[in-house]
Amino acid sequence: MISLQILCQLAKSIDVTHDVRGFACPQEALDWTKHHPVALVLTDYRMPRMNGIEFIRMFSTHSACAHAPVIMVTADEDPEMCLEAVGAGATEFMMKPVNHQECRKLCRKLLVQYQQ
């Protein structure tokens, strides 16, 4: 939960015009994205009841979300996992512990790059 709170605070510090939502339950996040536009997603690889790759696969099926960039946050350096995540739709990776400056920089870059 602490890492979720930290990531939410980092995201809020990037651009106050974006509505930042944090979800402890991946299914709640998926349900929310069915009815709300999404500009950027940060997801952990290790989550309760599903991993980040499963989350990305389900997330990318929502037509309104299909083009939103997804950052996978992980402590796992397994190349197979990374390839599978990219195949599922991960745009970028951030290793834990997350460097706050790098996180802000990457999020800003992706928000500009994928602006609609």
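First, a word on what this report is: a plain description of the structure on this page. Predicted model, so just to flag it, every value in this text is computed and none were measured. (Residues numbered from 1 in each chain as written. Predicted model: local features only at pLDDT ≥ 70, side-chain atom pairs only at ≥ 80, totals over all residues. Heavy atoms only, no water.)

### Some points on the pairing of strand β3 (residues 92–95)
Here is step 1 of the chain: For strand β2 (residues 70–74) and β3, the ladder comprises four bridges, and the chain directions are parallel. Across the sheet, Met72 pairs through a bridge with Phe93, a residue of β3.
Here is step 2 of the chain: Following the chain from β2 across helix α4 (residues 79–88) to the adjacent parallel β3, one finds a crossover that is right-handed. (Pairing = 2+ DSSP bridges. Helix = DSSP H or I, 4+ residues; strand = E, 2+ residues; numbered from the N terminus. Right-handed = clockwise from strand over helix to strand, strands pointing away.)

### Observations concerning the sheet that holds strand β1 (residues 41–44)
Here is step 1 of the chain: Read across the sheet, three strands follow the order β1-β2-β3 without closing on themselves; strand pairing throughout is parallel. The outermost strands of the open sheet, each flanked by one partner alone, are β1 and β3. Neighbour-to-neighbour, the strand axes of this sheet turn through a mean angle of 25°, independent of strand direction.
Here is step 2 of the chain: Across the sheet, helix α3 (residues 52–59) lies against β1 and β2, angled at about 145° from β1, the strand it touches most. (Axes fitted to C-alpha atoms, helices over the stretch in contact; angles between N-to-C directions. Contact = heavy atoms within 4.5 Å.)

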